[in-house]
Amino acid sequence: MRFENRKLCFMLYFLFIFSLSACSLKYQRETVSEETVPQISFEELVLTQYADDKKTLRLEGAVYEQYKKSGFIYAKDASFVIFDSDQAETSSATAKYISADTRNKIYEFFDGIQFLDNNQGTQIAGNTLKWNTSTEQLVSAKNQELTIKKDNLEITGKDFSASAISNTFLFSGPVHGQQILTGANAGDTITFSGDSMQGSMASSKNSSKKNYTILSGNATVKTSTMEIQADTIELSGEDFNHIKASGNIKGTNTESELSFTAQEMEYNQDTKVVILTGDVELKDEKNNVTAKAQSIEYDQNTDVAVMQIDVELTQKQNVCKAAYSIYRKKEQTLELSGNATVRQKDDMFRAQSIKFNMETEEIQMDGNIRGTVTSN
């Protein structure tokens, strides 16, 4: 049991770097019901493993039983600690029950599971976990919640599974969590939720591989200034500073007082720049402005939106169209180019480029100027 326990701890350590009817203690296991008496039974057991006269592992249990025919080992009120070469506790775990199928190398933990990796600052809490050392798969029970904490990240979800072979994890049930940000956004919090969540985290030895976390189904992400809903949202980078969304996107920028819809989106929390593509609609409710385009790039720092392809912007009774446009929210000005037009009620102005002051309704035109003005 020594080797597999140590391997389980290594698996848990690895996961959270990215970025985690018979008698006695058989717990109603019919597969071993032919055995009624354990081969070995201890109470208040403490087992300590040594290597080179130094502790490497300590296992404690209120009750410990081993069954010869099946190869099962059970422990109640169990805990174990792993030590490094300096005798410091590197990781520890507790559970109400531990079941070990030593022949098939399957280990199960039940009720009040608490795992801690001191070196990595990682914690896991739940009520059911199964670890298969042959397939290197870690799974929770169906519809059971599991909580993972790593540094400033906390995730709670149902139907958890992870693979040490593919370096991937999955919450196939509802999931939610939060990340407290550091660096330039220190103190801010990003929260997220979805119908499911999957991801991957490459080890430090293979840093060339991409790390990712994807929320699917009713995915939502909230930052201090941005709220996003979409079919799928991908979080990546340190502190989840890079956000990508796709499918039926709806969002608001609470700082700039803008709302938007689109089919694709990218947002960098460090630069505060959002790129929206695919039937984009951007609304500035405060200034009664609605912009439509196939692509809009908005800089939250400058409050400037660059719009491209089939641009149409409406404000009051003004309708502005062009292939390319720059909307300056603070100044309330609009620069149009590429077959630019501005319609003011019954008046129409056309030019290669037009500058439009949306407060004064003044127009400056340049290149191939045309228009019609209707006198009242």
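Residues numbered from 1 in each chain as written. Predicted model: local features only at pLDDT ≥ 70, side-chain atom pairs only at ≥ 80, totals over all residues. Heavy atoms only, no water.

Some points on the overall build of the protein
Line of reasoning, step 1. In terms of regular secondary structure, the protein is built from 1 helix and 26 strands.
Line of reasoning, step 2. Buried residues in the protein amount to 46% of all 376 residues.
Line of reasoning, step 3. As displayed, the protein has an accessible area near 18700 Å², and 44% of this comes from carbon and sulfur atoms. (Helix = DSSP H or I, 4+ residues; strand = E, 2+ residues; numbered from the N terminus. Buried < 20%, exposed > 50% of the residue type's maximum accessible area, 1.4 Å probe, protein only. Areas by Shrake-Rupley, 256 points an atom, 1.4 Å probe, with all protein chains shown as cover.)

Re the side chain of asparagine 132
Line of reasoning, step 1. Tracing the backbone through its elements, the reader meets asparagine 132 in strand E6 (residues 122-132).
Line of reasoning, step 2. Polar contacts involving the side chain of asparagine 132 include one to the main-chain amide nitrogen of threonine 135, which spans 3.2 Å.
Line of reasoning, step 3. Not counting chain neighbours up to four residues away, the residues in contact with asparagine 132 comprise Asn104, Lys105, Ile106 and Gln137. (Polar contact = N/O pair within 3.5 Å; in protein donor to acceptor, adjacent residues only side chain to side chain. Contact = heavy atoms within 4.5 Å.)

With respect to the environment of leucine 282
Line of reasoning, step 1. Inspection of the secondary structure puts leucine 282 in strand E19 (residues 273-284).
Line of reasoning, step 2. Separated by 23 residues in the primary sequence, leucine 282 and alanine 305 place their C-alpha atoms 9.4 Å from one another.
Line of reasoning, step 3. For leucine 282, the contacting residues outside a window of four places in its chain are Leu258, Ser259, Phe260, Val289, Thr290, Ala291, Ile296 and Ala305.

Focus on the pairing of strand E18 (residues 258-268)
The side chains of a regular strand alternate, residue by residue, between the two faces of the sheet.
Line of reasoning, step 1. In this sheet, E18 lies alongside strand E17 (residues 242-253) in antiparallel orientation, the contact comprising 10 bridges. Bridging from a neighbouring strand, alanine 245 pairs with methionine 265 of E18.
Line of reasoning, step 2. Here E17 folds back onto E18 in antiparallel fashion, the turn holding 4 residues, of which glutamate 257 has a positive phi close to 55°.
Line of reasoning, step 3. In this sheet, E19 lies alongside E18 in antiparallel orientation, the contact comprising 9 bridges. Paired with threonine 261 across the two strands is glutamate 281, which belongs to E19.
Line of reasoning, step 4. The hairpin turn running from E18 into E19, its antiparallel successor, is 4 residues long, and lysine 272 in that turn takes a positive phi close to 60°. (Pairing = 2+ DSSP bridges.)

Some remarks on the packing of aromatic side chains
Line of reasoning, step 1. Going through the model one piece at a time under the given rule, you end up with 2 aromatic pairs.
Line of reasoning, step 2. Aromatic pair phenylalanine 160 and phenylalanine 171: ring centres 5.0 Å apart, planes at 50°, arrangement tilted. Highlighted residues: phenylalanine 160 in strand E10 (residues 160-163) and phenylalanine 171 in strand E11 (residues 168-171), separated in sequence by 11 residues.
Line of reasoning, step 3. Judged by relative accessible area, which is 0%, phenylalanine 171 ranks as buried.
Line of reasoning, step 4. Plain terms: the ring middles of phenylalanine 192 and phenylalanine 240 are 5.9 Å apart, the flat faces sit at 80° to each other, and that makes the pair edge-to-face. Of this pair, phenylalanine 192 sits in strand E13 (residues 189-194) while phenylalanine 240 sits in the loop between strand E16 (226-236) and E17, placing them 48 residues apart in sequence. The pair phenylalanine 192 / phenylalanine 240 is uniform in exposure class, with both members buried.
Line of reasoning, step 5. The side chain of lysine 55 reaches across the aromatic face of phenylalanine 83, ending 4.7 Å from its centre. (Phe/Tyr/Trp six-rings, centres within 6.5 Å; stacked < 30°, edge-to-face > 60°. Lys NZ or Arg CZ within 6 Å of the ring centre and 35° of its normal.)

Digging into the pairing of E19
Line of reasoning, step 1. Summarising the sheet, E19 and strand E20 (residues 289-299) pair through 10 bridges and their orientation is antiparallel. Counted as the bridge partner of valine 274 is tyrosine 298 from E20.
Line of reasoning, step 2. Between the end of E19 and the start of E20, which pair antiparallel, lie 4 residues, with asparagine 288 showing a positive phi angle near 55°.

Here we look at unusual backbone geometry
Peptide bonds are mostly trans, and most non-glycine residues show a negative phi.
Line of reasoning, step 1. Although it is not a glycine, aspartate 111 sits at a positive phi angle of roughly 65°.
Line of reasoning, step 2. Inspection of the secondary structure assignment puts aspartate 111 in strand E5 (residues 106-117).

Examining the confidence of the model for the protein
Line of reasoning, step 1. Summary statistics for the protein give a mean pLDDT of 82 and a share of 83% for residues scoring 70 or more.
Line of reasoning, step 2. Throughout residues 203-208 the model reports pLDDT below 50, and contacts reaching past four residues in sequence, or to other chains, amount to 1 contact. (pLDDT = per-residue confidence, 0-100.)

A few points about the pattern of salt bridges
Line of reasoning, step 1. The final tally for this structure, using the stated rule, is 7 salt bridges.
Line of reasoning, step 2. In this structure, aspartate 77 and lysine 96 form a salt bridge, with 3.0 Å as the shortest nitrogen-oxygen distance. A residue pair is termed long-range when its members are at least 10 positions apart, and aspartate 77 in strand E3 (residues 72-83) and lysine 96 in strand E4 (residues 89-101) qualify at 19 residues.
Line of reasoning, step 3. A relative accessible area of 38% places aspartate 77 in the partly exposed class.
Line of reasoning, step 4. Owing to a relative accessible area of 33%, lysine 96 belongs among the partly exposed residues under this scheme.
Line of reasoning, step 5. In this structure, the salt-bridge partner of glutamate 312 is lysine 321, at a minimum N-O distance of 3.8 Å.
Line of reasoning, step 6. Taken together, the shared-partner salt bridges in this structure form one network comprising Glu281, Lys283 and Lys292. (Salt bridge = Lys/Arg side-chain N within 4 Å of Asp/Glu carboxyl O.)

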